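# Fold and contact review
What follows is each chain in one-letter form.
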Amino acid sequence: AGGGGARGGSGAAAASPPLRCDSRVRELNARATLLLGVPSLPGSRGRARRSSARGSWMRFGAVGDSAAVCFLLSALHAPGEMARLAAEARRHRDMLFLPVAESHMLFRQKTRYSNFSSRGRGMPTFKQYAFFQHAAAHLPDVPFVGKVDDDTAVNLPQLLPLLQHAACLPHALVGAINWAASVPAAHWSGVRGDRCGFGWSRDAALSNFGRSWGVPRTKGFIAACDDIGAVPTFPYATGAGYVFSAKLLAWVASSPEVRGWVAEARGPGREALQWQKYEDTSTGYWLTYAPFRVEYVNVGRWVHDFRCDPLGAHKAAGGGLYRPASPASLLVHNLKNGGFNAAFEQMQGAAYDHRRCMHDPLTDRV
């Protein structure tokens, strides 16, 4: 499979051992262009997604050469589970254990926005920020550090050259850039950093900011953002995956404003205002505090959800949000139940095969 350029030249990299998540810090700082963190969970579903990623997009030649991939897991699971995860980590050398609780360990109460019927999605908000801090502290010389969902496939032969062209931007955020407003303390929904006024562009989000939908005091009514305490609209990169430049990541990891925000989210009021939704919008909100200009590199045209279609070749060449992958795809999302191998093959230019696309389940080869 194709790869993507390495720092310092491919000849030097070829003579060196492959970069792994557990490689020495010195090696990663010297050779890696990109470090990707993939939040993951124990259990059969998390293991199957890791296995499917290893057997597909992580086979691109850049992994181990100029890119390193780390599955992010909490180090605070029960001893039996930790033993199983540690054995998997020794086998694959692509797992990073962070000393921070998973969201479901922190939030015990059911969510207000579900009318107290469920405990929420348990998104890896705190663990993800711990990864940002870990990378900034130990790997400051890696030019780019990103986060991708565990149901996302990454087209590294396309992404790495793009990042090399973005190296001149000191404070870059690369991703599918959308716009929204945030409600810092949404007591009616119980969400810390609830989202409102979404728009595909700044103008659309600003237009939606002052609009309400439906009839007040009836089911389904959505109040205008400026009536519910929202901050003005801002850009953010969608959670399927995004990449920080090293300098921007260093600020996110060390900013007193951001650290304080996360500490408050973990504090005594964490149940009343839960931070387990909209991690992507939260990251965008933090960047509004940056004391410098953030350069947003919008690659949204090439970030999309995966969907098989009888007209797959035609759909893949289009710009719809839901389509098969193609060599132009950068990040292919929503592979929750399968599609990793089909997307990987399509990224490399394989002709669209609808049956193959529809019958590509997750694999579990520990």
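Let me sum up the structure you'll find in this document. Small disclaimer: the values here were computed from a predicted structure and weren't measured.

Counted by the stated rule, this structure contains 16 salt bridges. As a salt-bridge pair, E88 and R54 come within 3.0 Å of each other at their nearest N and O atoms. Here E88, found in helix 4 (residues 79-92), pairs with R54, found in helix 3 (residues 43-54); they are 34 residues apart in sequence, far enough to count as distant. A network of salt bridges, in which partner residues are shared, links R50, R54, E88 and D94.

Another aspect to go through is the packing of aromatic side chains. Under the counting rule described, the total for this entry stands at 14 aromatic pairs. The interplanar angle of 90° and the centroid separation of 5.7 Å between the aromatic rings of Y242 and F244 together place this pair among those described as edge-to-face. Centre to centre, the rings of W251 and F292 are 6.0 Å apart; their planes meet at 80°, and the pair counts as edge-to-face. Pair noted here: W251 is in helix 9 (residues 246-254) and F292 is in the loop between helix 11 (279-287) and strand 9 (295-298), with a separation of 41 residues, a long-range link. By relative accessible area, W251 is classed as buried at 12%.

Position of T283 among the secondary structure elements: in helix 11. Judged by its relative accessible area of 3%, T283 falls in the buried class. Sequence-distant contacts of T283, defined by excluding residues within four places in its chain, comprise Y242 and F244.

A few words now on helix 13 (residues 340-347). With respect to burial, helix 13 is a largely interior element, seven of its eight residues being buried. Positive backbone phi, approximately 95°, marks G349, located one or two places after helix 13.

Taken together, the four strands give an open sheet; going across it, the order is 5-12-10-11, and neighbouring strands pair in mixed fashion. Only two strands of the sheet have a single neighbouring strand rather than two, namely strand 5 (153-154) and strand 11 (322-323). Where strand 5 lies against strand 12 (residues 331-333), two bridges are found, and the strand directions are antiparallel. From the neighbouring strand, A153 faces strand 12, where its bridge partner is V332.

Now for the pairing of strand 8 (residues 231-245). Most of strand 8 is tucked away: 14 of the 15 residues are buried. Relative to strand 8, strand 4 (residues 144-148) is paired through five bridges, and the arrangement is antiparallel. Looking at strand 8, one finds that V145 is bridged to F244. Bridge count between strand 6 (residues 172-183) and strand 8: eight bridges; the pairing is antiparallel. Note on strand 8: the bridge partner recorded for S182 is V231.

Moving on, we come to the packing of helix 6 (residues 125-138) against helix 9. Where helix 6 meets helix 9, the axes come as close as 9 Å, and the angle between the chain directions of the two elements is 120°. As judged from the angle between their axes, helix 6 and helix 9 are oblique. Seen along the crossing, helix 6 lies across helix 9 with a hand that is left-handed. Contacts from Y129, F132, Q133, A135 and A136 of helix 6 reach helix 9 at L249, A250, V252 and A253. Its residues placed into classes, the contact of helix 6 with helix 9 shows eight nonpolar, one polar and no charged.

Below, the discussion takes up the pairing of strand 2 (residues 67-74). The side chains of a regular strand alternate, first on one face of the sheet and then on the other. For strand 2, the tally of buried residues reaches eight of eight residues, placing the bulk of the element in the interior. Residues A67, V69, F71 and L73 of strand 2 are buried on one face, and the alternating residues A68, C70, L72 and S74, pointing to the opposite face, are buried as well. Where strand 1 (residues 34-39) lies against strand 2, six bridges are found, and the strand directions are parallel. Across the sheet, the residue bridging to L35 is A68, located in strand 2. Remark: the strand 1/helix 3/strand 2 crossover connection has right-handed handedness. The sheet contact formed by strand 2 and strand 3 (residues 95-98) spans four bridges and is parallel. Of the residues in strand 3, the one forming a bridge with S74 is L98.

Criteria and thresholds
Residues numbered from 1 in each chain as written. Predicted model: local features only at pLDDT ≥ 70, side-chain atom pairs only at ≥ 80, totals over all residues. Heavy atoms only, no water. Salt bridge = Lys/Arg side-chain N within 4 Å of Asp/Glu carboxyl O. Helix = DSSP H or I, 4+ residues; strand = E, 2+ residues; numbered from the N terminus. Phe/Tyr/Trp six-rings, centres within 6.5 Å; stacked < 30°, edge-to-face > 60°. Buried < 20%, exposed > 50% of the residue type's maximum accessible area, 1.4 Å probe, protein only. Contact = heavy atoms within 4.5 Å. Pairing = 2+ DSSP bridges. Axes fitted to C-alpha atoms, helices over the stretch in contact; angles between N-to-C directions. Parallel < 35°, antiparallel > 145°, perpendicular 65-115°, else oblique. Left-handed = near helix turned anticlockwise from the far one by under 90°. Nonpolar A, V, L, I, M, F, W, Y, C, P; charged D, E, K, R; others polar. Right-handed = clockwise from strand over helix to strand, strands pointing away.

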